[in-house]
Amino acid sequence: MKTLALTMLLGLGLVLVGCGASNQNGANINGNWAATLTDANGTQMFSFTTSLIATGGSGTLTINNFHLSTNSPCFVSVKTEAGTFSLSGNFSGNVSGQLGMSVLSDSPSGNTLALTGTVNNNAVSGSWSLSGGSGCTGNGSFMMTRM
């Protein structure tokens, strides 16, 4: 009887330790990210860094410190960034979800960069499109990784 009780207690302790183990930053989208956007030929078109914060349970992303590190006549300056995020996961620490993000240019005005991707732990991959003025159109794929 004592052996059974001790075994159950030990098993419970192992379960609690397993639940308390953390996958640093893998459980949410919050943090600093770097992205590379390529065209259909694999040529890098844009890259940026940013800080993302999921806002409550609303699915809204707060985007801070957005820095487009690629010189582009389509984005001399950025006006606004906006995003959405949905997350799902399991007890094994596997996190997945959907990310949507748009960046609107201030100068020249009217250019919009839109990203739609799938979140898998510490990476986001998906597609992007650019629409706007003359010469400011395109599409391709992107990869974002946690910094």
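1. Re the overall build of the chain
Summing up its helical and strand segments, the chain has one helix and eight strands in all. Ordered by position in the sequence, the α and β elements of the chain form the string α-β-β-β-β-β-β-β-β. Long-range contacts, defined as pairs at least 24 residues apart, comprise 42% of the intrachain contacts of the chain with a sequence gap of at least 6. Carbon and sulfur atoms form 57% of the exposed surface of the chain, whose accessible area is close to 8,600 Å².

2. Digging into the nonpolar core
By size, the foremost hydrophobic cluster in this structure holds 26 residues, and its most contacted members are I29, L37, F48, L99 and M144. Elements supplying a minimum of two residues to this core: β1 (31-38), β2 (44-55), β3 (60-68), β5 (95-107), β6 (112-120), β7 (123-131) and β8 (138-146). It is β3 that provides the largest number of residues to this core, a total of four residues. Beyond its immediate stretch of four places on either side in the chain, L99 contacts I29, L52, L61, T84, F85, L115, T116, G117, V119, V124 and M144.

3. Some remarks on the side chain of T70
With respect to the helices and strands, T70 occurs in the loop between β3 and β4 (77-89). On the accessibility criterion, T70 (18% relative accessible area) is buried. For T70, the side chain forms a polar contact with the main-chain nitrogen of S47, separated by 2.7 Å. Residues in contact with T70, not counting those within four places in the same chain, are Q44, M45, F46 and S47.

4. Overview of the side chain of R146
Within the secondary structure, R146 sits in strand β8. Among buried Asp, Glu, Lys and Arg side chains, R146 stands out as unpaired, with E81 the closest opposite charge at 17 Å. For R146, the side chain forms a polar contact with the side chain of N122, separated by 2.8 Å.

5. Focus on the environment of G83
With respect to the secondary-structure elements, G83 resides in strand β4. Look at G83 and you get buried, because its relative accessible area is 11%. Apart from the residues lying within four places of it in its own chain, the contact partners of G83 are G59, T60, L61, I63, G100 and M101.

6. As for the state of the cysteines
Across all of its chains, the model carries one disulfide by this definition. Across the disulfide from C74 sits C136; the S-S distance is 2.1 Å. Measuring handedness by torsion sign, the sulfur bridge of C74 and C136 sits at about -100° and is left-handed. Here the residue C74 occupies a position in the loop between β3 and β4, and C136 occupies one in the loop between β7 and β8, the gap between them amounting to 62 residues. For C136, a relative accessible area of 6% translates into the label buried.

7. Quick look at the pairing of β1
Pairing of β1 with β2 involves eight bridges; the strand directions are antiparallel. The partner of L37 across the bridge, within β2, is F46.

Calculation rules
- Residues numbered from 1 in each chain as written.
- Predicted model: local features only at pLDDT ≥ 70, side-chain atom pairs only at ≥ 80, totals over all residues.
- Heavy atoms only, no water.
- Helix = DSSP H or I, 4+ residues; strand = E, 2+ residues; numbered from the N terminus.
- Contact = heavy atoms within 4.5 Å.
- Areas by Shrake-Rupley, 256 points an atom, 1.4 Å probe, with all protein chains shown as cover.
- Core = buried A, V, L, I, M, F, W, Y, C linked by side-chain atoms within 4.5 Å.
- Buried < 20%, exposed > 50% of the residue type's maximum accessible area, 1.4 Å probe, protein only.
- Polar contact = N/O pair within 3.5 Å; in protein donor to acceptor, adjacent residues only side chain to side chain.
- Lys, Arg positive; Asp, Glu negative; His and termini not counted.
- Salt bridge = Lys/Arg side-chain N within 4 Å of Asp/Glu carboxyl O.
- Disulfide = S-S within 2.5 Å.
- Pairing = 2+ DSSP bridges.

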